[in-house]
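Architecture and fold: a report
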Amino acid sequence: MNIQMIFGKPCNDYAAVLQHFAGTKTSSNKTSSLPLAQFWKDAATRLTALETALQMPLQNAVLCFEYPTAPAQGRGKASMTDLMILSGNRQVSIEAKYTEYSKMRTKTVSDWLNKSDTDNRQKVLAGWWNMIAPFRHNTETPDEIGYQFLHRTASACNGATQAAVIYLLFYDNDTQPFLNRYKPL
């Protein structure tokens, strides 16, 4: 197993992952970055548990913290997956949440589209939706799902033959009441 971090910069040292986060605004103990890094400190054990839960082999996995996936169409920011696990043609996107889910409402696809530069946003959305195409059963973009969930899913699916998206939720007494926002349907 190999750990990489931001923008694919090679890194095989867990301490370097923490050092990276220490120099960013994500280093607060109230964001998900530090709990995520700590959770994956024993990456071999976590990968074994993930393989079992997903029933997806993840041999020679590469762990990429803050993994960028650029939109396939239009102009826009890359989708930054908190942790992308790459294993051959398999990809697992892990989105970590801590205090974020208690502070803000999830922006839906329709919320995101109703901003400026609608033509470009339609192109970006089409690009994300096309990345998901091999895995989806319907042809209509669901306007009421979370926009972040859509582009994280697209990131996981991009170029993969097997993909998974996982939300890893951390909580304390203040944020526990908000966990129900992420219960599976």
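This one's a predicted model, so the numbers in the text were calculated from it and none came from an experiment.

Core analysis: the biggest nonpolar cluster contains 19 residues, and L36, W40, L63, L83, I85, V92 and I94 have the highest contact counts within it. Setting aside its immediate chain neighbours within four residues, V92 contacts L50, L54, M56, L58, L83, M84, I85, A164 and I166. The next biggest cluster of nonpolar side chains, apart from the first, holds 13 residues, and it includes W112, W129, I132 and L150.

Our next topic: the pairing of strand β5 (residues 90–97). Taking burial as the measure, the 8 residues of β5 include 8 buried ones, the bulk of the element. Both faces of β5 are covered, namely the face carrying R90, V92, I94 and A96 and the face carrying Q91, S93, E95 and K97. Where strand β4 (residues 79–87) lies against β5, 5 bridges are found, and the strand directions are antiparallel. Considered in β5, the bridge of L86 is made with Q91. Between β4 and β5, which pair antiparallel one after the other, the connecting turn spans 2 residues, and G88 there sits at a positive phi close to 60 degrees. Two elements, β5 and strand β6 (residues 162–169), share 8 bridges in a ladder whose sense is parallel. Paired with E95 across the two strands is Y167, which belongs to β6.

Here the focus is the pattern of salt bridges. Note on pairing: side chains with opposite charge can pair once their charged atoms come close. Scanning all chains against the criterion turns up 3 salt bridges. With its nearest N and O atoms 2.7 Å apart, the salt bridge here joins D117 to R75. Taken together, the positions of D117 in the loop between α5 (109–113) and α6 (118–132) and R75 in the loop between β3 (62–69) and β4 put the pair 42 residues apart, joining distant regions of the chain. The class for R75 is exposed, based on a relative accessible area of 57%. Among the ionic pairs, E95 bridges to R152, the shortest N-O distance being 2.6 Å.

Cut-offs applied
- Residues numbered from 1 in each chain as written.
- Predicted model: local features only at pLDDT ≥ 70, side-chain atom pairs only at ≥ 80, totals over all residues.
- Heavy atoms only, no water.
- Core = buried A, V, L, I, M, F, W, Y, C linked by side-chain atoms within 4.5 Å.
- Buried < 20%, exposed > 50% of the residue type's maximum accessible area, 1.4 Å probe, protein only.
- Contact = heavy atoms within 4.5 Å.
- Helix = DSSP H or I, 4+ residues; strand = E, 2+ residues; numbered from the N terminus.
- Pairing = 2+ DSSP bridges.
- Salt bridge = Lys/Arg side-chain N within 4 Å of Asp/Glu carboxyl O.

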